[in-house]
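Results of the structural survey
Spelled out from the first residue to the last, the chains are:
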Amino acid sequence: MATSSVSKGCFVFKPNCKKRKISVPVENYFNKGRNASEDSKLRFETYQLIWQQMKSETERLQDELNKNLFDNLIEFLRKSHCGVQKNSRDLGCQIKLREIPTAALTLGVNVTDHDLTFRSLTEALQDNVTPYVVSLQAKDCPDMKHFLQKLFSQLVDCFAVVKSKEEESVQVTQKKTHCSMDSLCSWYKTVTQKTDPEMPRKKRTTTSQWQSPPVVLVLKDMESFTTRVLQDFIVISSQHLHEFPLILIFGIATSPIIIHRLLPHAVSSLLCIELFQSLSCKEHLTTVLDKLSLLEHFYSQPLSVLCCNLPEAKRRITFLSINQCENIRRLPSFRRYVDNQASEKQVALLTNERFLKEETQSLLGNLHIYHMNYFLVLRCLHKFTSSLPKYPLGRQIRELYCMCLEKNIWDSEEYVSALQLLRMLAKDELMTILQNCINIFKSSEKYLGSTAKRLEEFLAQFQSLDADAKEEEDASGSEPRGLQKTDLYHLQKSLLEMKELRTRSKKQTKFEILREKVVNFIDCLVREYLPPPETQPLHEALYFSAAHTLREHLNAAPRIALHTALNNPYYYLKNEALKSEEGCIPNTAPDICIAYKLHLECGRLINLVDWSEAFATVVTAAEKMDANSTISEEMNEIIHARFIRAVSELELLGFIKPTKQKTDHVARLTWGGC
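Presented here is an overview of the structure given in this document. Bear in mind the structure is a predicted one, so any value in this text is a computation, not a measurement.

Cut-offs used in this document
Residues numbered from 1 in each chain as written. Predicted model: local features only at pLDDT ≥ 70, side-chain atom pairs only at ≥ 80, totals over all residues. Heavy atoms only, no water. Helix = DSSP H or I, 4+ residues; strand = E, 2+ residues; numbered from the N terminus. Buried < 20%, exposed > 50% of the residue type's maximum accessible area, 1.4 Å probe, protein only. Contact = heavy atoms within 4.5 Å. Areas by Shrake-Rupley, 256 points an atom, 1.4 Å probe, with all protein chains shown as cover. Axes fitted to C-alpha atoms, helices over the stretch in contact; angles between N-to-C directions. Parallel < 35°, antiparallel > 145°, perpendicular 65-115°, else oblique. Nonpolar A, V, L, I, M, F, W, Y, C, P; charged D, E, K, R; others polar. Salt bridge = Lys/Arg side-chain N within 4 Å of Asp/Glu carboxyl O. Core = buried A, V, L, I, M, F, W, Y, C linked by side-chain atoms within 4.5 Å. Pairing = 2+ DSSP bridges. Polar contact = N/O pair within 3.5 Å; in protein donor to acceptor, adjacent residues only side chain to side chain. Disulfide = S-S within 2.5 Å. Arc of directions from axis to C-beta.

Time to look at the overall build of the protein. Regarding its fold elements, the protein presents 28 helices and 8 strands. Per-residue burial for the protein yields a buried fraction of 40% across its 674 residues. Here the contacts in the protein between residues at least 6 apart in sequence split such that 73% fall between residues at least 24 apart. In the structure as shown, the protein presents an accessible area of about 40900 Å², 52% of it carried by carbon and sulfur atoms.

Here the focus is the packing of helix α24 (residues 558-567) against helix α26 (residues 591-599). Between two packed helices, what matters for the description is the angle formed by their axes and the separation of those axes. Packing of α24 against α26 leaves a shortest axis separation of 8 Å and a crossing angle of 105°. By the criterion of interaxial angle, the relationship of α24 to α26 is roughly perpendicular. Counted together, His563, Ala565, Leu566 and Asn567 of α24 and Ile592, Cys593, Tyr596 and Lys597 of α26 form the full contact between these two elements. Broken down by class, the residue content of the contact of α24 with α26 amounts to 5 nonpolar, 2 polar and 1 charged.

What follows is about the pattern of salt bridges. Think of it this way: side chains of opposite charge can pair up when their charged atoms draw near. With the rule as written, the count across this model stands at 14 salt bridges. Salt-bridge contacts for Asp232 lead to Arg228; the nearest nitrogen and oxygen are separated by 3.6 Å. Remark: Arg228 and Asp232 occur in helix α6 (residues 227-239); sequence separation between them is 4 residues, near one turn of the helix. On the accessibility criterion, Asp232 (29% relative accessible area) is partly exposed. Accessibility expressed as a relative area gives 52% for Arg228, which makes it exposed. Its salt-bridge partner being Arg316, residue Glu312 comes within 3.0 Å of it at the nearest N-O pair. Taken together, the residues Glu312 and Arg316, both in helix α11 (residues 310-318) and 4 residues apart, mark about one turn of the helix. The class for Glu312 is partly exposed, based on a relative accessible area of 22%.

Phe334, Phe384, Phe462 and Val526 are the most contacted members of the largest nonpolar core, which has 67 residues in total. A total of 12 residues in this core trace back to one element, the largest contributor, which is helix α15 (residues 353-385). Ignoring any residue separated from it by four or fewer positions in sequence, one finds Phe462 in contact with Lys427, Leu430, Met431, Leu434, Phe511, Leu514, Arg515 and Val518.

Turning to the environment of Phe462, a few remarks are in order. Looking at the element boundaries, Phe462 is found in helix α19 (residues 449-478). Using a relative accessible area of 0% as the deciding quantity, one classes Phe462 as buried.

Right, let's talk about the packing of helix α13 (residues 332-339) against helix α14 (residues 343-351) for a bit. Two numbers describe how α13 lies on α14: the axes approach to 9 Å, and their chain directions differ by 150°. Seen from α13, the contacting residues are Phe334, Tyr337, Val338 and Asp339; seen from α14, they are Lys345, Gln346, Leu349 and Leu350. For the contact of α13 with α14, the per-class residue count stands at 5 nonpolar, 1 polar and 2 charged.

Quick look at the sheet that holds strand β1 (residues 100-106) now. Taken in spatial order, the 5 strands line up as β2-β3-β4-β1-β5 in an open sheet, and their pairing is parallel. The open sheet is flanked by β2 (133-136) and β5 (271-277), the only strands paired with a single partner. On average, each strand axis in the sheet is tilted by 20° relative to the strand beside it, whichever way the strands run. Taken together, the 4 bridges between β2 and strand β3 (residues 215-219) define a ladder with parallel strand orientation. Across the sheet, Leu136 pairs through a bridge with Leu219, a residue of β3. Sheet contacts for helix α3 (residues 114-128): β1, β2, β3 and β4 (246-252); angle to β2, the most-contacted strand, approximately 160°.

Let us look at the side chain of Thr360. Relative to the helices and strands, Thr360 resides in helix α15. Within the local environment of Thr360, its side chain forms a polar contact with the backbone oxygen of Leu356, the two atoms lying 2.7 Å apart.

Further remarks concern the sheet that holds strand β7 (residues 656-658). Strand order across the open sheet formed by 3 strands is β6-β8-β7, with antiparallel pairing between neighbours. The sheet is open, and its two borders are formed by β6 (605-607) and β7, each paired with just one other strand. Pairs of neighbouring strands in the sheet enclose a mean axial angle of 40°, with direction left out of account. Both β7 and strand β8 (residues 665-668) contribute to a ladder of 3 bridges, which runs antiparallel. Bridge assignment links Lys657 to a residue of β8, and that residue is Ala667.

Glycine aside, a negative phi is what most residues show, and trans is what most peptide bonds show. For Tyr391, which is not glycine, the phi torsion reads 45° and is therefore positive. Tracing the chain through its elements places Tyr391 in the loop between α15 and α16 (397-406).

Quick look at the state of the cysteines now. What the rule picks out here adds up to 0 disulfides. Among the cysteines around Cys380, which has no disulfide bond, Cys437 carries the closest sulfur, lying 3.1 Å off.

Inspection of helix α17 (residues 413-422) places Tyr415, Ala418, Leu419 and Leu422 among the buried residues, and these make up the whole buried set. Axial view of α17: buried residues confined to an arc of 100°, hence all on one face. The exposed residues of α17 that point more than 90 degrees off its buried face are Glu413 and Gln420. Taken together, the buried residues of α17 touch α15 and α21 (510-529).

With 5 of 5 residues buried, β3 lies mostly within the body of the structure. Alternating positions in β3 separate into two faces, Val215, Leu217 and Leu219 on one and Val216 and Val218 on the other, with burial throughout. Pairing analysis gives 5 bridges linking β3 to β4, with the strands arranged parallel. Opposite Val216, over in β4, you have Ile247 as the bridge partner.

See below:
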């Protein structure tokens, strides 16, 4: 068969060199250039340990976020099935028997995470609802025949798993030639009759608590299914629902409206749909963003060997070499610290290694305390400001964190605006925020324990205001009321007099005075515990501050990244041999880079012969061959194969495509093909 690909064949050549490549340990990459250090292996091991800890923490967070969603789904499935079985003789239930219980699960457009979510959901359903859980994808179900075959095949597998767990030998024959809903119903009836009555009570689990456990069908990508296949299956299933208890779960990436767009009303009315929304991925994204700087920090900072728990860090300080001690002395934050010390201590820090290590241990301990206090106060400030109108300090805690890292937050206009809004909070809102902050500080009583007690005192004072306000209201109700004259002139005159009197001698209420004290207390906490990390000695060892590096990794700019990688491979590979002047093509560059830079010199249509000859010219220069010397036929074939592979890779990336205008040409698709 003809193919539209540029590459027309496969070429295999034996390598000329029989020497095996020597693998270089990964930790050696941590020991290059000006950052050379004898602790490179220890740095790499520390990095791996912390990365695994954060990975486990991220997975635990994901399980917790999905737990609530799964619990609600399981509860819905149980009620849907049990309610129908208990009232199967009722007329209303018989009408409802034609409606298939359907859970519309909206997961968002991040398709890469859906497989893990559906896998966890399947396990949860099998453990708590029914052993018969089937997951289908649109690519496996192009028509009704394949749909039913896949459904039946997975159901048989589920039944085999159940029987294997019960240590019974059961043989199930599967007919792939013909599969219909009638055959599914008869199979289900046979299986449930054999399973439940004969099953010993001691072997019964929550999955087999019903006489007829439901069949849960998960359609992972509901939007991708053929409309006709979905409609036919739903109509047929609704007619056999009393024989084949089916529950549907639609995996939706866009919006639940897609159900009504794909299914007409006559079909969608056969579904009893309940919507389930997965939690926002902001917490996952924030966690990932916080951890992305890890590798860059350990690679670029030799003193990152101290980036571990405090007891281990203090132990490592005692074994620091002379070079590492000099690295400490070169830190800008440590230099500022030395400048502020007495002259005798300055000399000791710069000359005495033992004294330097002792002082470093003390400073590192202070840095850990600063770090813990910092995030406690940061979370408290976020509780106060995250619900303010227009979010002057951001809605997410990462936004507030970035503002606090850049400068003193209390010097910003946004902070002043936030304090003004805090001075207008209602009592109920303020009491709720205070309780949340108390919980934050109580979660770590080792740090800032007195702060939690002070906030509890404020909360108790707010609660006591309720009783005082009630007494004042009762007292004011017994006093004679003014404004007894009812004519309009005297009424307006009295109102104006009261307004002038109020503006002249306006006194703050007890609540306003107490609210002002709370705001001032929070302001003092912020000024004391939220200075930027750059103010702390040795912050370079534990904090990563090169934000521009993270932006380069996080910004989704594939066009720029591809062009940079192919046009200037040195940017990513850091190989000195790849350095070249602007406009030149280094002969040591990867084949795809050579082909890419040559194709930039062409117009909309590229002659493959000319392109191949130019490629061979550059490659032979890399082999240090004379231009006038003859090249063997074998070498020509090798160069031709390398060229074909490079062109195929460019086609895969979308830079070129075959054209019908000229058979020996390809069309250029990107950037200036005119």
